[in-house]
Amino acid sequence: MNKNGKDLILLLILSFQISFVFNSVEITLSSNMINIEESTYQISNNIVILTSDEEYIIKGSCSECGIEVKKETSPTITLSSISIDNSQTGPFVIKKGANVKLILEGISKIVDKETNETLDDFEGAGIKFKSGSNLTMSGTGTLIVLGNIKNGIKGASASNLIINSGTYNVTCVNNGIAADGSVVINGGIFNIETSEGDGIKSDPDYGDTDSEGSLIINDGTFNINSYNDGIQAKAKLIINGGTYNIKTFKDGSSANFNKDLYSAKGIKVSTNETSNISLLITGGIFNLNTADDSIHSDGNLTITAGTFIISSGDDAVHADQYLILGKNGDNNNLIKLNVTKSYEGLEGAQVYIYSGTYRVIASDDGINAAGDTTDQCRQSNGNMPGGNMGPGQQGGNMGPRRNLRGNNKRKLQQIQCNTFHIYISGGDIYVNAEADGLDANGNIVISGGNIEIWGAKSGSDGDFIDLDGQMTITGGTVFGGGNAQMVNPSSWSNSQNKIYGQNSVSANGVVNIMSGTTTIKSYTSPKNVGYLYYTSPNVDSTYKFSISSSGTTTPGNNEPQGNGNNNGQFPGNNNNGQIPGSNGAMPAPPEQGNNGTMPNFPGNNNNGQFPGNNNGTMPNFPENGGQFPGNNNGQMPGSNGAMPDFPGNNNGQMPGNNNNGQIPPSNGAMPDMPGQAPGNNNNGQMPGSNGVMPAPPEQGNNGTMPNFPGNNNGQIPGSNGAMPVCLFVVCLFVCLFRVR
């Protein structure tokens, strides 16, 4: 081989090395850029257009300029401390069908100053990605987005957004961060403020059948001050962890707020269309200060873990259908829910409380089960005031009942007349309500728990318990104080002994439950009440009330205790008073039945798994080998039950948990949660996943970006960026042949 041949081979090898090592395109922004056209990008009228599936590094700053990604391309873009703004078009636009990875380095700023917001189809945003496009954001940097006219970061129909890490400071008029198809957030810090719209949302326009409208948050720190809703999804909203400080409508003020004109809820899943709707919270720390409902679902709402401090101008926690709190047998410390202010505390068409710790302050009812169909039911049957109500039901002029607000007649098709019930089988529950403590348009069934209820004060309308159906107590400890306008404990179905009677207790007075001369338990009254009730499995003929007020102790008035009547069964029931098929056990709500399977979301027939996932496993996150970004920031920090400083401390351990951050008594294993596949004994892990966190649906192929039609991120398929050996040998042979 002569010298020329050797030089050619050396040059060929060197070019391959340069292409492999230096395969990113670097672009520096500046004002009045010259129009050019390169193989990988163009500059036209101060807009940089990225045209291929390259890795781009963009630096510099400019005014009245922008960045545009060509449709159906898949670039990786690193923003390295850029600053751009534009008043004529969106400063950062991703065209239809593109799939973009955006990496943050340093501090970047994007400002949308467009002025054509009067157009009906105007969707201005600092970062705008169009129909069918996908955007994945990550990095260690900070992105500042100002949507001076409309949105901050906004995706159109069937668009999907994934955020893995980074810091996002978004200030805008309408929506802070939104995508019509789906939003998945795995980590990051989010500081969002809106003057007219929502904080984070996935809610497509009416009639958009291509967009799911789902929102999943696995971790992150969220500081949201929104005029309307803080976090909203159309059909499915899942929160698995994170820290949330959310204020709505003028820093949470309910003054001058009109619920008929605005929606200013903290966390909401809502739709105007018929579909399965669900909100699931499995963990996190929540500080919610809202003018409207703090946590709201137009369908079902399930909370299995989390720490909550709630101040609400309306309902603290509200579900139009099933409200499900806790799980059978769970530690009560997994849910710590403190409602410092609300109109109604916990409300649903049916309410199920299995476990958790609750402190509820309400200006109306504390825990309420009601529905919009109730008035119609009242007119169509005899079990109403003044009618043939049957044994144990309360008569008299009880006045109008508050029904769930909104367009619920369609949504409550699953809830039949007279099935607006409250079921309590566990939990530590404290209620202080200005109207009814527990209020059900149907039955109330208590089979466990430690419950303290204070209803309306003396002379007010309401009581510690009010219901249209039957009161049944088969277990637990229940204390009530009120004015006895609506209660008649002698008619309640109770399988354990009880004491009750007219007793005058002043505010701050102490009610002692005595067994002979021994104090069993004491309750401090928050108001003047005139009636007391107490039952527990240990009550016998020695139990009585003793009242201490202003240093004076007087015996209470006790009705004869006796044994409970009806053995806790429903009178007139052909199943011996028990709920049919239950063997006396509390019925499981929809999410906790079906052998532990998660209900299918719209268009999903995979037992709650992501579409196309046949074995319950998902590929790893790209950056973290399948682990959550942020080194355990998704665990619940705490301080003995008190609200921890934000962001969380205590090494990411749960508040009041002496198990080194593990969920007791799991030895570190995750308990089985609703939504697992049938027959799953994997301690809460996805079947076959070995504990690895599944990745969002847009990610796959062992952490690499999926290959979109005709595109492999600019690389040779299966090459991971390297030159295939066979092709190199062919090239080498051709070169040697020509040299000879």
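Residues numbered from 1 in each chain as written. Predicted model: local features only at pLDDT ≥ 70, side-chain atom pairs only at ≥ 80, totals over all residues. Heavy atoms only, no water.

(A) Spotlight on the overall build of the chain. Helix and strand counts for the chain stand at 4 helices and 52 strands. A burial count over the chain gives 54% of its 740 residues as buried. Taking contacts inside the chain between residues at least 6 apart in sequence as the whole, the part at least 24 apart equals 62%. Here the chain displays about 30,700 Å² of accessible surface, and carbon together with sulfur accounts for 45% of that area. (Helix = DSSP H or I, 4+ residues; strand = E, 2+ residues; numbered from the N terminus. Buried < 20%, exposed > 50% of the residue type's maximum accessible area, 1.4 Å probe, protein only. Contact = heavy atoms within 4.5 Å. Areas by Shrake-Rupley, 256 points an atom, 1.4 Å probe, with all protein chains shown as cover.)

(B) Local environment of the state of the cysteines. Applying the stated criterion across every chain yields a total of 1 disulfide. The residue that forms a disulfide with Cys62 is Cys65, at a sulfur-sulfur distance of 1.7 Å. Measuring the twist about the S-S bond at about 85 degrees, one finds the Cys62-Cys65 disulfide to be right-handed. We note that Cys62, like Cys65, is buried. (Disulfide = S-S within 2.5 Å.)

(C) Focus on the packing of aromatic side chains. Taken as a whole and judged by the stated rule, the model has 18 aromatic pairs. Measuring from centroid to centroid gives 5.0 Å for Tyr227 and Phe249, while their planes differ by 55 degrees, and the two rings are tilted. Taken together, the positions of Tyr227 in the loop between strand 23 (221–226) and strand 24 (231–233) and Phe249 in helix 2 (residues 249–252) put the pair 22 residues apart, joining distant regions of the chain. Phe249 sits in the buried class, given a relative accessible area of 2%. With centroids separated by 5.6 Å and ring planes inclined at 85 degrees, the aromatic side chains of Tyr227 and Tyr262 adopt a geometry described as edge-to-face. Of this pair, Tyr227 sits in the loop between strand 23 and strand 24 while Tyr262 sits in the loop between helix 2 and strand 27 (267–269), and the two are 35 residues apart along the sequence. One aromatic cluster is present, built from ring pairs that chain together Tyr168, Phe190, Phe222, Tyr244, Phe286 and Phe308. (Phe/Tyr/Trp six-rings, centres within 6.5 Å; stacked < 30°, edge-to-face > 60°.)

(D) Spatial organisation of the pairing of strand 15 (residues 151–155). When you tally the buried positions in strand 15, you get 5 out of 5 residues, the bulk of the element. Where strand 12 (residues 125–129) and strand 15 come together, 4 bridges link them in parallel fashion. Paired with Ala125 across the strands is Asn151, a residue of strand 15. The pairing of strand 15 with strand 18 (residues 177–179) spans 3 bridges and is classified as parallel. Directly across from Ile153, in strand 18, lies its bridge partner Ile177. (Pairing = 2+ DSSP bridges.)

(E) Quick look at the side chain of Asp112. Note on placement: Asp112 falls in strand 11 (residues 107–112). Within the buried core, Asp112 has no salt-bridge partner, and the shortest N-O distance to an opposite charge, that of Lys128, equals 7.1 Å. A distance of 3.3 Å separates a polar side-chain atom of Asp112 from the backbone nitrogen of Glu114. Ignoring any residue separated from it by four or fewer positions in sequence, one finds Asp112 in contact with Asn86, Thr89, Gly90, Pro91, Gly124, Ala125, Gly126, Leu146, Gly147, Asn148 and Ile149. (Lys, Arg positive; Asp, Glu negative; His and termini not counted. Salt bridge = Lys/Arg side-chain N within 4 Å of Asp/Glu carboxyl O. Polar contact = N/O pair within 3.5 Å; in protein donor to acceptor, adjacent residues only side chain to side chain.)

(F) View of the sheet that holds strand 52 (residues 552–555). In spatial order, the strands read 49-48-51-52; together these 4 strands make up an open sheet with antiparallel pairing. The open sheet has two edge strands, strand 49 (518–524) and strand 52, and neither has a second partner. Each strand axis lies, on average, 25 degrees off the axis of its neighbour in the sheet, ignoring direction. In this sheet, strand 51 (residues 543–549) lies alongside strand 48 (residues 510–515) in antiparallel orientation, the contact comprising 6 bridges. Looking at strand 51, one finds that Met514 is bridged to Lys544. (Axes fitted to C-alpha atoms, helices over the stretch in contact; angles between N-to-C directions.)

(G) Expanded view of the environment of Ser297. Note that Ser297 resides in strand 30 (residues 295–297). For Ser297, a relative accessible area of 0% translates into the label buried. Each residue touching Ser297, except ones within four places of it in the same chain, is listed here: Val269, Ile277, Ser278, Leu279, His318, Ala319 and Asp320. Polar side-chain contacts of Ser297 include one of 3.0 Å to the backbone nitrogen of Gly299.

(H) Representation of the environment of Gly345. As for its placement among the helices and strands, Gly345 is situated in the loop between strand 35 (335–341) and strand 36 (346–348). Overall, the relative accessible area of 0% leaves Gly345 in the buried class. With sequence-adjacent residues up to four places away left out, Gly345 is seen in contact with Asp315, Ala316, Val317, Val360, Ala362, Asp365 and Gly366.

(I) Molecular detail of the pairing of strand 35. Examined bridge by bridge, strand 32 (residues 306–312) and strand 35 share 6 bridges and lie parallel to one another. Looking across to strand 35, one finds that Gly306 is bridged to Ile335. When strand 35 meets strand 38 (residues 357–362), the two strands line up parallel, connected through 4 bridges. What sits directly across from Leu337, in strand 38, is Tyr358.

(J) Structural view of unusual backbone geometry. One non-glycine residue, Asn45, lies in positive phi territory at about 55 degrees. Mapped onto the elements, Asn45 comes out in the loop between strand 3 (41–44) and strand 4 (47–50). Relative accessible area serves as the criterion here: at 63%, Asn45 is assigned to the exposed category. Phi at Asn46 takes a positive value of approximately 70 degrees, unusual for a residue other than glycine.

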